[in-house]
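Reading the structure
In case you want the letters, here they are:
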Amino acid sequence: MVGSVAVIGAGVMGASIAAHVANAGVPVMLLDIVKPGAASRNAVAAGAIERLKKMDPAPLMGSRAVKLITPGNIEDDLQHLADCDWIIEAVVERLDVKQDLYRKLNAVRKPSAVISSNTSTIPLHELTAGLPDDFAKSFCITHFFNPPRYMRLLEIVGAEDQKFEAVKTFADEKLGKTVVHCNDTPGFIANRIGTYWIQCSLVLAQELGLEVEEADAVLGKPLGFPSTGIFGLMDLVGIDLAPHINASMGRLLAKDDAFHTMNRDSQVIEKLIAEGYTGNKGKGGFYRRSKSADGKREKLALNLPQAVTGQLAWRPAVKPDIPLLKDARKDLKKLLGSDSKYGKYAWGVLGRVLAYTASLVPEIASDIADIDAAMRLGYTWKFGPFELIDRLGAEWVVAHLSELGIAVPPLLKLVGSGTFYQAKGAELQQVSAEGGYKPIRRAPGILVLDDIKRVQKPLLGNKGASVWDLGDGVLCFEIHAQVRGSMLNMLDGDILTVLEKALALTQQKYKALVLYNDDLREAPHKTNFSTGANIGMAHMMANIRLWGKIENSIKEGQKLYLAMRYASFPVVAAPAGRALGGGCEMLLHCSAVQAYAESYIGLVEAGVGLVPGWGGCATMLTRWQHDKRMPKGPMPAVAKVFEIVSTATVSRSAAEAKELKFLSEGDGITMNRDRLLADAKAKALALVANYQKPEPLPLRLPGPAGLVALRMAVDGFHKRGIALDHDVTVSTALAEVLSGGATDYLDEMSETDVMALERTKFMALIRTKESQARIKSIIDTGKPLRN
């Protein structure tokens, strides 16, 4: 068991790793050098901790985590590491510096402690060369990806001995990592393939005369690569890193490795770095921002064909019009087989990368599933290389490799007309490098809905949602991934009908119900539990003045959510990603929530000119007013909820959602996304024994006096220009709901009384042209309108 951790090296990566250990609730020491002349000998580490609080994206999940990080220095504090279970080295990529540190660490560590390096370029055998055997037996590489909080991949090199099991379990269950075992080869898995992919992309874009926007459009969403595209990605990670990584790979890889064919000096890269254009962290890179004549920030793109000649010049960025890309969404082969420069570019890069990857098995790893996972989680590809081959067909890939003059790797020949993956019952299998198939083993405590779907038909379902049997008397309600405008998993009549039937079915024959969506391929910030009610449908009905239908949908939603709250069995929500508006209200009405750590939860209706309509106000008031830590009196809880809801506050993590009371103190947080469904099922079963539905709690609200107080605050923001006229209208409507309308503080109100006010104010606001304009803006652009 890992109970304490130390990180040596307080640079961006080291500090961020320490932050994520603290996110897991584990104390961590962060040590660095003593800076000459500094007022404090811990100034370097202490300064890094202060920067963690301000970084965006935030490395810390909540305000409590930073208190678990203790700063120190390597001259005074190494003796404090004697009690640490895991010591992570994240210092400069110099072998001499690392080995000097290892000797010092080995002298103070306890025998059971594991020491690991976060190196991305130095092989394990070089790191341990010349060091004592007892050190080597306790040492491994644990390669985190940046930013550590959000990137789910952890590559481990070495660590075969039982001694390392506690670290691997901790990384999995507490840090939320998918632990992938790599062989001790240059770049391990993800960087070995990823560096080659980037080099192919850069070289071929220049050879084919593409502009950066064209290259990024082709090597982006159509192929399942990051939406930034290749040049946007280089700006994000830092252009100045490329020469160092390429030099390391060039030194370490065998002379016949295909990497060398693409590892060419780039005049463009050299000139960008020389002039300070290192990407987003510098003055910009392939893209940059500049103020236009009207004072607005304008996005500029490097003229790549011109840059190849040695002259750097930027022009306004444009969105390329490439009809082929629209076809690629349905049939990728149309793009890859095209004789246009776009087709040659897409296949030129992808074909090389797929062949290169296939040639690396079993050199870099023996399991193709591990390689695919590394590229999905380390480089945010939607599909791994072998999954891409299966999508295209191995025979098609082999037939088209001749266009690139590339020999067919043995593994591709082995697969022949088959596939790299196959299903056998509920079990998913992968091709073995020795021939035949072998199972993809799920770690204990992992339940994957896709495995259930292979052998089950849904008990209930329509185009919007389905209900599955998880076993042990627990059902799973799943909203199907769907896109409408810019919003995902929006709640409509189809979805709510299935939920209503799921509640009835559970009541009749089962013990508990879990609400969950299986969206494992997307990055956390792109996943959605539900982004709320289908405002597109509401907008359409408002346009034709179907006010009765809109109000009825509000009534029916309130009724359904109350039925869920007061069901005679536990209902457990398991959100991951965004749970907004009506999606948040769904969580608020469950018996309990088991949330993925990267859950972003909030009541955002004010952003579209509305108020929560499905009980969000009532539940938040109840939670804040019945919190014993809140000051007494009519206003504190009301003011707090008003602050949260009127500003459409969204939690930046599940931990922060607890601080905002979108989650209750008893709700659980799962760090590893793969474990969420199993954890939610376990929570539901734990609640089954002696389950009693909750009793409604009364509210005492301030009434008209509270409204006046809230209005004064709103008027102050209006006078300062922070709130616009319609913001005042929306905030006033929200204030009337939260203050209880015409009630008196001495009178008790029920949650249904507050829900009636929600419904009244919702209907008043949706009738205004300003709110309708805000709704339309979100539907059309995904961006809020200030009007």
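Provided above is the structure to which this section pertains.
To start, this report covers the structure provided alongside it. All of these numbers come straight from a predicted model, not from anything done at the bench.

When helices and strands are counted, the chain shows 33 helices and 26 strands. The globule rule puts the C-alpha radius of gyration for 787 residues at 28 Å, and the 28 Å found for the chain is close to it. Viewed in the frame of its principal axes, the chain has a C-alpha envelope of about 80 × 65 × 65 Å. Burial analysis of the chain (787 residues in total) assigns 55% to the buried set. Carbon and sulfur atoms make up 53% of the accessible area of the chain, which totals about 33,100 Å². When the 93 basic and 87 acidic side-chain charges of the chain are each reduced to a single mean position, those positions are 4 Å apart.

Turning next to the sheet that holds strand β7 (residues 153-157). Across the sheet, eight strands lie side by side as β3-β2-β1-β4-β5-β6-β7-β8; this open sheet has mixed pairing. On the outer flanks of this sheet lie β3 (69-73) and β8 (178-182), each paired with one strand and no other. Averaged over neighbouring strand pairs, the angle between their axes works out to 25° when direction is ignored. Looking at chain direction, strand β1 (residues 5-8) and strand β2 (residues 28-32) are connected through four bridges and run parallel. Within β2, the position partnered with V7 by the bridge is L30. Packed onto the sheet, helix α1 (residues 12-23) meets β1, β2, β3, β4 (86-89) and β6 (139-144) and runs at close to 170° relative to β2. On top of the sheet, helix α2 (residues 43-52) reaches β2 and β3; it is set at about 150° to β3, its chief contact.

Moving on, we get to helix α16 (residues 341-359). With 19 residues, α16 ought to run about 27 Å at 1.5 Å a step, and its terminal C-alpha atoms sit 27 Å apart, in line with that. Judged by how many residues are buried, α16 sits mostly within the fold: 16 of 19 residues are covered.

Our focus in this paragraph is the packing of α16 against helix α18 (residues 385-392). Running from N to C, α16 and α18 cross one another at 120°; their axes reach a closest spacing of 10 Å. When the axis of α16 is compared with that of α18, the two are oblique. The handedness of the crossing between α16 and α18 is left-handed. Touching L350, L354, T357 and A358 of α16 are P385, F386, L388, I389 and L392, all from α18. Split by residue class, the contact of α16 with α18 holds eight nonpolar, one polar and no charged.

Moving on: the environment of Y691. Note that Y691 resides in the loop between α29 (676-688) and α30 (704-719). Separated by 122 residues in the primary sequence, Y691 and F569 have C-alpha atoms spaced 6.6 Å apart. For Y691, the residues in contact, after removing those within four places along its chain, are A567, S568, F569, P570 and S591.

Inspection of every chain in the model, using the stated rule, returns 15 aromatic pairs. Ring geometry for Y102 and F139: centres 5.0 Å apart, planes at 55°, overall tilted. Here Y102, found in helix α3 (residues 95-108), pairs with F139, found in strand β6; they are 37 residues apart in sequence, far enough to count as distant. An aromatic cluster is defined as three or more aromatic residues linked by ring pairs; in this entry it consists of W197, F225, Y379 and W381. The ring of Y287 is capped by K299, whose NZ or CZ atom sits 4.5 Å from the centre of that ring. Across from the ring centre of W624, 4.7 Å away, lies the NZ or CZ of K661, which sits over that ring.

Summarising burial for β7: five of the five residues are buried, a large majority. Here β7 shows a buried face lined by L153, E155 and V157 and a second buried face lined by L154 and I156. As judged from the four bridges shared by β6 and β7, these two strands associate in the antiparallel manner. Among the inter-strand pairings, I141 is bridged to a residue of β7, identified as V157.

Once that is clear, we can look at empty space enclosed by the protein. Throughout the structure, instances matching the rule amount to three cavities of 30 Å³ or more. Of the voids in this model, the largest cavity is the one considered here, and its volume is about 70 Å³. As for the largest cavity, its lining consists of 13 residues, and the residues nearest its centre are H20, R149, L175, Y596 and M671. Across the lining of the largest cavity, the residue classes tally to seven nonpolar, two polar and four charged. Within this model, the second largest cavity holds a volume of roughly 40 Å³. If you go around the second largest cavity, you meet eleven residues; those closest to its centre are N517, N528, F529, A576 and R673. Class assignment for the residues of the lining of the second largest cavity results in six nonpolar, three polar and two charged.

On the surface, a nonpolar cluster with roughly 270 Å² of combined accessible area is contributed by L236, V237 and L241. Topologically, L241 is positioned in helix α10 (residues 241-252). The exposure class assigned to L241 is partly exposed, which follows from its relative accessible area of 38%.

Here the focus is a positive patch on the surface. On the surface, K221, K319, K326 and R329 cluster together into a patch of positive charge. Here R329 shows up in the loop between α14 (323-328) and α15 (332-336).

This brings us to the pairing of β8. Side chains T178, V180 and C182 project from β8 onto a buried face, and the interleaved V179 and H181 project onto a face without burial. Across five bridges, the pairing between β7 and β8 is parallel. Across the sheet, residue L154 finds its bridge partner in β8, namely V179. After leaving β7, the chain enters helix α6 (residues 165-173) and then returns to the sheet as β8, a path that is right-handed.

The final tally for this structure, using the stated rule, is 43 salt bridges. Salt-bridge contacts for K98 lead to E93; the nearest nitrogen and oxygen are separated by 2.9 Å. Given the relative accessible area of 36%, E93 is considered partly exposed. In this structure, the salt-bridge partner of R711 is D715, at a minimum N-O distance of 3.1 Å. Here the residue R711 and the residue D715 both occupy positions in helix α30, the gap between them amounting to four residues, near one helical turn. Since its relative accessible area comes to 30%, R711 is described here as partly exposed. What makes D715 partly exposed here is its relative accessible area of 27%. Through salt bridges that share partners, R41, E75 and D76 make up one connected network.

Here helix α26 (residues 616-625) crosses helix α32 (residues 751-766) at 140°, and the two axes come no closer than 8 Å. The angle between α26 and α32 places the two elements in the oblique class. Pair α26 / α32 crosses with right-handed handedness. Along the contact surface, α26 presents G616, C617, A618 and L621, while α32 presents E751, V754, M755 and E758. Residues of the contact of α26 with α32, tallied by class, amount to five nonpolar, one polar and two charged.

Another point: the environment of I33. Tracing the backbone shows I33 in the loop between β2 and α2. According to the relative accessible area criterion, I33 is partly exposed, its value standing at 46%. In this structure, the C-alpha to C-alpha distance between I33 and A45, residues twelve residues apart in sequence, is 8.2 Å. The contacts of I33, once residues within four sequence positions are left out, are R41, V44, N73 and I74.

Thresholds applied
- Residues numbered from 1 in each chain as written.
- Predicted model: local features only at pLDDT ≥ 70, side-chain atom pairs only at ≥ 80, totals over all residues.
- Heavy atoms only, no water.
- Helix = DSSP H or I, 4+ residues; strand = E, 2+ residues; numbered from the N terminus.
- Rg over C-alpha atoms; globule rule 2.2 N^0.38 Å.
- Buried < 20%, exposed > 50% of the residue type's maximum accessible area, 1.4 Å probe, protein only.
- Areas by Shrake-Rupley, 256 points an atom, 1.4 Å probe, with all protein chains shown as cover.
- Lys, Arg positive; Asp, Glu negative; His and termini not counted.
- Charge placed at Lys NZ, Arg CZ, Asp CG, Glu CD.
- Pairing = 2+ DSSP bridges.
- Axes fitted to C-alpha atoms, helices over the stretch in contact; angles between N-to-C directions.
- Contact = heavy atoms within 4.5 Å.
- Expected span 1.5 Å × (residues − 1).
- Parallel < 35°, antiparallel > 145°, perpendicular 65-115°, else oblique.
- Left-handed = near helix turned anticlockwise from the far one by under 90°.
- Nonpolar A, V, L, I, M, F, W, Y, C, P; charged D, E, K, R; others polar.
- Phe/Tyr/Trp six-rings, centres within 6.5 Å; stacked < 30°, edge-to-face > 60°.
- Lys NZ or Arg CZ within 6 Å of the ring centre and 35° of its normal.
- 1 Å grid on protein atoms, 1.4 Å probe; cavity = no way out; pocket = protein on both sides within 12 Å on 5 of 7 lines; lining within 4 Å.
- Points joined across faces, edges and corners; volume = space filled by probe spheres on them.
- Patch = residues over 30% accessible without salt bridge, like charges linked within 9 Å, V, L, I, M, F, W, Y side chains within 5 Å.
- Salt bridge = Lys/Arg side-chain N within 4 Å of Asp/Glu carboxyl O.
- Right-handed = clockwise from strand over helix to strand, strands pointing away.

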